[in-house]
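Fold and geometry: a report
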Amino acid sequence: MKRSILVRLVAGIVVLVAMGGTWLSAGVVDLGWLKYFSGAVFVATALLGLWDTWIWRWPLVQRIPGVPPNLRGTWEGILTSFWVDPATGKSPDPKTVYLVIRQTASLVSAKLLTNESRSSSSLGSVTTIDHSSELIYMYINRPDARVEHRSRMHHGSTALDVTSKPARRLRGRYWTDRDSKGELDFTRRKGRLADDFEAAVEVFKGA
């Protein structure tokens, strides 16, 4: 549901409850205060927008139970593939990869960048159960043209456990529709959001 529709729905319910309350207590419905309705909707929409994009990330607010952990930024980590090359009988060497997370209080998206491909999430969520948080998302992987002969486009899913709040580590596994799987371990994060693999390398260069 769009944010503006949600605000109007909540405001409408408040109006109906207030009208019912004044009618039950005074026997009449006082509609004079409705002239402030549009202004109240505007203020509520603005506050909700500030919360969704900014306030929820404040360190003090992050301590409030129920507020999703802030994962926003570019993460550097290691991808370990369990796929076995039938020609050699060996798995690929672990490689450095980057995970770019764009996040609001209500939405999250993830993009995994490697030196050969990029994976963009189609569905994503951050869930917290018993003080343990997890980032889960489905994705589509698009390889570079130069490696398409051995790495075709595919779909997959990823589940990463979140360590600490504020988040200090993301670690978990991925699965693909090519019957391959592996592990991901991210331990370094920068606030800057990288657009591609080369930009992500520059974010951490010299750090």
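Up top you'll find the structure we're talking about.
Calculation rules
- Residues numbered from 1 in each chain as written.
- Predicted model: local features only at pLDDT ≥ 70, side-chain atom pairs only at ≥ 80, totals over all residues.
- Heavy atoms only, no water.
- Core = buried A, V, L, I, M, F, W, Y, C linked by side-chain atoms within 4.5 Å.
- Buried < 20%, exposed > 50% of the residue type's maximum accessible area, 1.4 Å probe, protein only.
- Helix = DSSP H or I, 4+ residues; strand = E, 2+ residues; numbered from the N terminus.
- Contact = heavy atoms within 4.5 Å.
- Patch = residues over 30% accessible without salt bridge, like charges linked within 9 Å, V, L, I, M, F, W, Y side chains within 5 Å.
- Areas by Shrake-Rupley, 256 points an atom, 1.4 Å probe, with all protein chains shown as cover.
- Salt bridge = Lys/Arg side-chain N within 4 Å of Asp/Glu carboxyl O.
- Pairing = 2+ DSSP bridges.
- Polar contact = N/O pair within 3.5 Å; in protein donor to acceptor, adjacent residues only side chain to side chain.
- Phe/Tyr/Trp six-rings, centres within 6.5 Å; stacked < 30°, edge-to-face > 60°.
- 1 Å grid on protein atoms, 1.4 Å probe; cavity = no way out; pocket = protein on both sides within 12 Å on 5 of 7 lines; lining within 4 Å.
- Points joined across faces, edges and corners; volume = space filled by probe spheres on them.
- Nonpolar A, V, L, I, M, F, W, Y, C, P; charged D, E, K, R; others polar.

**A look at the nonpolar core**
- Counting 19 residues, the largest nonpolar core has L99, I101, L135, L170, L184 and F186 as its most contacted members.
- Elements represented by at least two residues in this core include exactly β1 (73-81), β2 (95-103), β3 (108-113), β5 (132-143), β6 (154-163), β7 (169-176) and β8 (181-190).
- Not counting chain neighbours up to four residues away, the residues in contact with F186 comprise W75, E76, G77, V97, Y98, L99, L112, L160, R168, R169 and L170.
- V100, L113, V203 and F204 belong to the second-largest nonpolar core, a separate cluster that totals nine residues.

**Quick word on a nonpolar patch on the surface**
- Where nonpolar side chains cluster on the molecular surface, the patch consists of F42, V43, L47, L50, W54 and W58 and spans about 650 Å² of accessible area.
- When you line up the elements, W58 lands in the loop between α2 (37-53) and α3 (59-62).

**Here's the deal with the pairing of β6**
- By the bridge criterion, nine bridges tie β5 to β6 in an arrangement that is antiparallel. Paired with Y139 across the bridge in β6 is G156.
- By the bridge criterion, eight bridges tie β6 to β7 in an arrangement that is antiparallel. Its bridge partner lying in β7, S157 is registered against W175.
- Counting the residues in the hairpin turn of β6 and β7 gives five residues, including S164, whose phi is positive at 75 degrees.

**Some thoughts on the pairing of β8**
- Alignment of β1 against β8, held across eight bridges, turns out to be antiparallel. Looking at the pairing, S81 lines up with G182 of β8.
- Of the pairings in the sheet, the one linking β7 to β8 comprises six bridges and is antiparallel in character. Counted as the bridge partner of Y174 is G182 from β8.

**Quick notes on the environment of N115**
- Structurally, N115 can be placed in the loop between β3 and β4 (117-129).
- Here N115 falls in the partly exposed class, since its relative accessible area comes to 37%.
- With 81 residues separating them in the primary sequence, N115 and D196 have C-alpha atoms 9.4 Å apart.
- Filtering out sequence-adjacent residues up to four positions away, N115 remains in contact with K95, D144, R146 and F197.
- Here K95 takes part through its side chain, which lies 3.0 Å from a polar atom of the side chain of N115.

**Some thoughts on the packing of aromatic side chains**
- Taken as a whole and assessed by the stated rule, the structure comprises four aromatic pairs.
- Both rings, one in W54 and one in W58, keep their centres 5.3 Å apart while their planes meet at 90 degrees; by these two values the pair is edge-to-face.
- Residue W54 is classed as partly exposed on the basis of its relative accessible area of 47%.
- Chaining the aromatic ring pairs together yields one cluster made of Y98, F197 and F204.

**What to know about the layout of surface pockets**
- By volume, the largest pocket is sized at about 680 Å³.
- Along the walls of the largest pocket sit 27 residues, with S81, E116, S151, Y174 and R178 positioned nearest its centre.
- Those elements that place two or more of their residues in the lining of the largest pocket are β1, β4, β5, β6 and β7.
- The residue makeup of the lining of the largest pocket, split by class, is ten nonpolar, eleven polar and six charged.
- Of the voids in this model, the second largest pocket is the one considered here, and its volume is about 360 Å³.

Keep in mind these numbers describe shape, not what the thing actually does.
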